[in-house]
Structure formats: C-alpha cells, structure tokens
Amino acid sequence: VFRGPNGAASRVGAQHSQDYSAWYAQIPGLKVIAPYDAADAKGLLKAAIRDPNPVVFLEHEMLYGTEFDVPETDDYVLPIGKAKVRREGKDVTITAHARMVGFALQAAEKLAEEGIEAEVIDLRTLRPLDHETIVESVKKTSRLVSAEEGWGPMGVGAEVVARVIEHAFDYLDAPPLRVHQEDVPLPYAANLEVLSLPGVDKIVAAVKQVMA
C-alpha cells in the first residue's frame, strides 16, 4: 500500500499541487482509493492493507486538518470499489471524490435553496470504479455533473461520463458536464490559484446548465 498526499495544497505552485487520480487509475493491476472523510479513510485503509493487490491510497492534503466523526468499532473496514451516496436527490447526479465531495455537498445545499435536489455520489475508489451506483443514480435523475480537482482531459470525470454514456445513454435528458481544474499548471499566486481550482460555484453553474 502506497499512501501519499494528493491534489492542490495552498500556494505551493504547480510542482506540489498535482492531482494524480487519473494517472494512477489508468494503470492495470492497481487499486486506487481517494477518500473524503476520516471514517472512509480508516475503513478503506484497513481494507487496502488486507488486500493482496497493490493499492495506491490518495489523501488530500487540504483535508488533513479537517475533523470528522469515526465509528467506534473494533474492526471498521469498508469494501474497496463501492461508491457512497452522500446525499439523496431526484434532479441531477453529482459525482466527486476526495476534497471535491465537500464542495459537491455544499453546492447541493445551495441548489436545494432554489428547488434543485442534487444527488451526491462519493466515488471513494477510482479503480475499480463503481459505475453501477452512478448509473442507477443517473437513471433516476437523468442528468450528470462530474466534479474533480484534476485536469479535464483524460481525467476521472471523462471516465465517469463514458461509463454513463455506455450504460445509461437513453436515460439522459441533457449532455453530461464535467467540472475540473483549469487546463494550466496550477499558479502560485493566490488569486490565480483560486481562479484555476474548481469549487462550489463552478459546480452550481454546471448543474444549472444541465437543468436548463
């Protein structure tokens, strides 16, 4: 098991802010995990250690200081390769992993104020990808927005959209949209860093576009 910080930090430039989710998830034979909260980090790390296969465990550096509840059980283990529905909804499906899950949940709260009920799916594992859970959600909502912190070209969102097109094309009422980092090396300057990274507002805008 290889553990390591992943994704943007805070004003450390392009060399220390890369998101390797898609890089590792493309490799046959690897299992790739990218948890959001502490409970998933604990349960999936224990599962990874017990798994006989090589596992890359991606931890978002900006989540290290965030506190979450963790179940107080003797042996808390979660299944690798199973996504989690973080919020139920009927109008649009939002998929995300790692820190973007928090932004997706915040976006869902803002959208709910306008009468749009978004279903938020935490991918948790990138390889194997639980596209069954995503597809079942899209069959219910008929719309998809994929959110990731990595770049868009050849990214995790591209794979999510491809799976949905393959397995649930006839259920879609709008073209799926992807929210991701701007296609540039992440700038060092704080104002440019904010403009480059995806967040709540960009997710909200994408959802409104697919709902139009």
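Our structure is the block above this text.
Keep in mind the model is a prediction, meaning the values are calculated, not measured.

Calculation notes
- Residues numbered from 1 in each chain as written.
- Predicted model: local features only at pLDDT ≥ 70, side-chain atom pairs only at ≥ 80, totals over all residues.
- Heavy atoms only, no water.
- Helix = DSSP H or I, 4+ residues; strand = E, 2+ residues; numbered from the N terminus.
- Buried < 20%, exposed > 50% of the residue type's maximum accessible area, 1.4 Å probe, protein only.
- Contact = heavy atoms within 4.5 Å.
- Areas by Shrake-Rupley, 256 points an atom, 1.4 Å probe, with all protein chains shown as cover.
- Lys, Arg positive; Asp, Glu negative; His and termini not counted.
- Charge placed at Lys NZ, Arg CZ, Asp CG, Glu CD.
- Expected span 1.5 Å × (residues − 1).
- Arc of directions from axis to C-beta.

Undergrad: Explain the overall build of the chain to me, please; I cannot follow it from the model alone.
TA: Looking only at helices and strands, one finds 7 helices and 9 strands in the chain. With respect to the principal axes defined by its C-alpha atoms, the chain has extents near 45 × 40 × 35 Å. Going through the 212 residues of the chain one by one, you find that 51% of them count as buried. In the chain, once contacts between residues fewer than 6 apart in sequence are set aside, the share between residues at least 24 apart is 78%. As displayed, the chain offers around 10300 Å² of accessible surface, 53% of which is attributable to carbon and sulfur atoms. Considering the chain, the positive charge centre built from 22 side chains and the negative charge centre built from 32 side chains are found 1 Å apart.

Undergrad: How should I be thinking about helix H2 (residues 38-50) in this particular structure?
TA: For H2, which comprises 13 residues, the first-to-last C-alpha distance of 18 Å matches the rise-based estimate of 18 Å (1.5 Å per residue) to within 8%. Three or more residues of H2 are buried, namely Ala39, Asp40, Gly43, Leu44, Ala47 and Ala48. Each buried residue of H2 lies within a common arc of 150 degrees when the element is viewed along its axis, so the set occupies one face. Turning to H2, the residues buried within the fold contact strand E2 (31-33), strand E3 (55-60), strand E4 (84-87) and strand E6 (118-122).

On their own, these measurements won't tell you what the molecule is for.
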